[in-house]
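Structural overview
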Amino acid sequence: MIHITHLTKQFSRNQPPAVKNLDLEINDGEIMGFAGLNGAGKTTTIRIVSGIIFPTSGKVLVNGKDIVKEKVAASKHIGWVPELPNFEPTGKSVQLLKYYAGFYGIPPKEAEARAETLLKKFNIWDARRRPLKDYSQGMKKRFSIAAAMMGDPDNFLFDETLNGLDPEGVKNMRDFMLSLRKDGKAVFLSSHILSELENVADRIAVIKRGEIVKVIERSDLSNLGEISLKIVLQKVDENAISMLGQYGIPEKSGNEIVLRNLNIPSGEVYKVSETLFKAGYRVISISTESEGLEDYFLELVGSGK
Amino acid sequence: MRDFIYDLRRTLTGKFTITMIVLIVLATVGISYAAVSVSSVSSVPPNSEAYVYPAVFKTAYGYNVTDFVANGYGQPVSGLKLDSSLINETASTQMYNISGTTNGHGYFNTTVALTEGNFTTYGYFSSYISGINTTFESSISILKKNESQSGILPNMYSWQSTNNLSVYFIGKVANPSSATISGIEIYYASANGSAMPSGTLYYYVQNTSSISLPIPSKEMLKFGTIGGFYNKVFTLPLNASANEMNVVVELFPPSGGAQPLVMLPSATLYSATSSGALLEAILQVPYEFLIPILGIFSAYFYYGKDKASGVLESIITRPVTKGRIFLSRFLGGAMSFLIALIMAEALSDLVIYRYTGSLLSSSYFFSILGGYLVEAIAFSGLIYIVSQFLKSQGGILGTGIGLFFVMVLFWSDLMAIILYALHVNSAVKSGVIMALALDTISPSTFPSLVIYLRSGFYGSAFGVGSGYPASSVGITLVSVILVGLFWLFIPALASFFLARSRD
Ligand SMILES: Nc1ncnc2c1ncn2[C@@H]1O[C@H](COP(=O)(O)OP(=O)(O)OP(=O)(O)O)[C@@H](O)[C@H]1O
Ligand SMILES: [Mg+2]
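The notes below deal with the structure included here. (Residues numbered from 1 in each chain as written. Chains lettered and ligands numbered in written order. Predicted model: local features only at pLDDT ≥ 70, side-chain atom pairs only at ≥ 80, totals over all residues. Heavy atoms only, no water.)

Let us now look at the coordination of the magnesium ion (ligand 2). All names here are of chain A. The magnesium ion (ligand 2) binds to the protein through Thr43 (OG1) and Glu83 (OE); the donor distances cover 1.8 to 2.7 Å. Here Thr43 is found in helix H1 (residues 42–49), whereas its partner Glu83 is found in the loop between strand E6 (78–81) and helix H3 (93–103), with 40 residues between them in sequence. The partly exposed category is assigned to Glu83, whose relative accessible area is 33%. (Donors = N, O, S within 2.8 Å, 3.2 Å for Na, K, Ca; no water. Helix = DSSP H or I, 4+ residues; strand = E, 2+ residues; numbered from the N terminus. Buried < 20%, exposed > 50% of the residue type's maximum accessible area, 1.4 Å probe, protein only.)

Residue and element names in this part refer to chain A. Taken together, four strands build an open sheet; the order of strands is E12-E13-E11-E14 and the sheet is antiparallel. Single-partner strands in this sheet number two, and they are strand E12 (249–253) and strand E14 (283–289). Averaged over all neighbouring strand pairs, the angle between strand axes comes to 20°, with direction disregarded. Where E12 lies against strand E13 (residues 256–260), five bridges are found, and the strand directions are antiparallel. What sits directly across from Pro250, in E13, is Leu259. Taken strand by strand, helix H10 (residues 270–278) contacts strand E11 (228–233), E13 and E14, and its axis lies near 25° from that of E11. (Pairing = 2+ DSSP bridges. Axes fitted to C-alpha atoms, helices over the stretch in contact; angles between N-to-C directions. Contact = heavy atoms within 4.5 Å.)

On to the environment of Gly51(A), then. In this structure, Gly51(A) sits in the loop between H1 and strand E4 (57–62). In this structure Gly51(A) comes out as buried when scored by relative accessible area, which is 7%. As a C-alpha pair, Gly51(A) and Ser75(A) span 24 residues in sequence and 7.4 Å in three-dimensional space. Setting aside anything within four residues of it in sequence, one finds Gly51(A) in contact with Ile67(A), Lys71(A), Ile316(B) and Lys322(B).

What follows is about the nonpolar core. Grouped together as the largest cluster of nonpolar side chains are 127 residues, with contacts concentrated most on Phe143(A), Phe158(A), Phe176(A), Ile24(B) and Tyr287(B). Ignoring sequence-local partners within four residues, the contact set of Phe176(A) consists of Lys121(A), Phe122(A), Ile145(A), Met149(A) and Phe158(A). Counting 26 residues, the second-largest nonpolar core is a separate cluster that includes Leu7(A), Val19(A), Ile26(A) and Ala74(A). (Core = buried A, V, L, I, M, F, W, Y, C linked by side-chain atoms within 4.5 Å.)

Where side chains of opposite charge bring their charged atoms close, a pairing between them can arise. Residues and elements named next belong to chain A. Counted by the stated rule, this structure contains 18 salt bridges over all chains. Here Arg203 makes a salt bridge to Glu30, at a shortest N to O gap of 2.5 Å. Placement of the pair is Arg203 in strand E9 (residues 203–208) and Glu30 in strand E3 (residues 30–35), with a sequence separation of 173 residues. By relative accessible area, which is 9% here, Glu30 ends up buried. Arg260 is paired through a salt bridge with Glu251; the nearest N and O atoms lie 4.0 Å apart. The partly exposed category is assigned to Glu251, whose relative accessible area is 45%. Beyond isolated ion pairs, a larger network of salt bridges with shared partners links Glu30, Arg203 and Glu217. (Salt bridge = Lys/Arg side-chain N within 4 Å of Asp/Glu carboxyl O.)

What follows is the structure, given as structure tokens:
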């Protein structure tokens, strides 16, 4: 569990604080999304929680331990996956993981076995003889996750971890995070793309200029992130609109109807086209859109005046 | 604490540490070996040398042969096999071979019954006994009544009396407990086996370029009356003023007389070149560059590089604090230097031992160690400070190299310019103290400060006139220790507190 209270970080006097009076709680068995535009303060927050930089004021408790005052005890429970993984370029994976393991008091033999399991799990075991500088970006990312798991921490900080992965990588990573949640871990995952978080996060904290502007709960999320249907008919009439009313709130523009607030699960969208078809309408196209979430996000964080 | 010890152990067993220790040890031992083997006259330690003091007396029935063998310290060598021959010079094919082994007192005595032929020469051949080489091969003429001879060996002179069938040897020997002062060995043998009669030993330290030998006894310093022995080592009461000077030693009969019985016409019996002085001199030039460079590089490789590249971040998120990672790296570096310097000094000491026959005195050992250890730690401490402020590897390394140029290569020139600009007169004592104080601002001068303290002398190495007693310019044990503590702790503590409190 991570408990952040009144966290402020000011890098220099003549700059506004990068993080301002931030309060957040990430519970065990919860995936907390952390969304914000570039420079909003996501990385800064994560680096404070991981103990790399010091807060200007405020407090971070990791499993009840203060990351500044009880650094060693708090860090035992933190697994940090950086935005840009940075490891000893000439280092080799097993040897480096063993080095990290030593800080947790894991004996070398056990550390070696653990390193092997993790490297295999993340599919980089075969690259163990190569120096880390020869790893691809994705491999480095996977290695840094293995490194974060070495001490078997209760809390994970993922900084833009989904960013830059191929579709298969994104899917694997999501499954992995869901498995962490199932194991009761607290997961903090930042991204500057809200929709990246929507399928995985239980809650999403939105940060703007260092301040949390909104914590979107799962229930809000399903409303917001709800897909809308864009239906193009050959001919749009009042009957069609009223008929679509049973599935949500239709809105007409030309021969296009946008159906919002869908009250059927996304898997049953076919029912809409079925209904139209049975009523004798010619459906030219029907497509799902989730623009509502992004709109909402941009509204929240947009630079606006 | 466990995290600190864990990272310290890893630092100490890391690739850089091993490389640095090997580099320092190999460079030091290599340089010492090269320096010693070039300047060395003999690479055989004195206790592995064997000198034969031969005496052959012709009797009515043949020849009495008495060989005494002593090592380079003048101590008897027992169990040495000697091969020698009596040679008839007029019919050189006529040879009588003698073979034997020295007894517990270093003597080999034998009687040869040879009444025919006139054997006039006694010759030796190098022999070998485990670990000991006889270092000469020589021959002497056989003493008969009313004959005399001299000059058998380098640094060993004999004189055989014309009237009572006796032989005197005088030679220079090393002193087993001091590499500074050499002893002289006097050996006596006579046909009737008696001990040496009384004689008076005189010596003279030659400080003018030419003298005529022998020097009359009244112009020499009297050591004392000696006699009643067969062989004995004496140490003359020479002091530093006899350093590297030629000393003439003469043994006169008690009655006085113009002619000495035996004379050592030229020998350097006092030489301040101790193992320590030698090592100190050998290391001064290479270490002037090596130590600060390694100090700078060690800080860069142990810490600065990782901090600037962000590699340190992946360690800091572990259960450890910034302060402890700093300490383990810093102390790991300091301990590597300590280990490297001790090993380098100890091994060089053994190399030099073969030349001087003495080991480093503890004052030299610690002054060399302390001087360079402080310098290395100070330079690495400065780079630890730089690492707290600069965010790029190139910046840190570049500053380190800049520091080397300014604080090592050009420091004395820069200080000279400052002194000139301030119109400081370096010929007066206050100017000298000012120059010394400015020099001390760079840790690169600390090893020489220690040398000034140890030698008690500050100033030009050439000519006593241009220097000052060290204490008169403020170089005292207390002031040098204070400067050393400053360089050991101030950069380290400053960077430690910065490392702990900064992002
Ligand atoms: N070490 C630093 N010194 C000074 N300012 C900094 C430092 N690190 C971050 N900042 C500033 O703090 C603000 C927040 O940066 P941060 O890296 O936390 O943003 P972010 O939300 O992670 O952005 P991104 O999506 O681009 O990764 C930015 O204005 C940035 O310039
Ligand atoms: Mg970021």
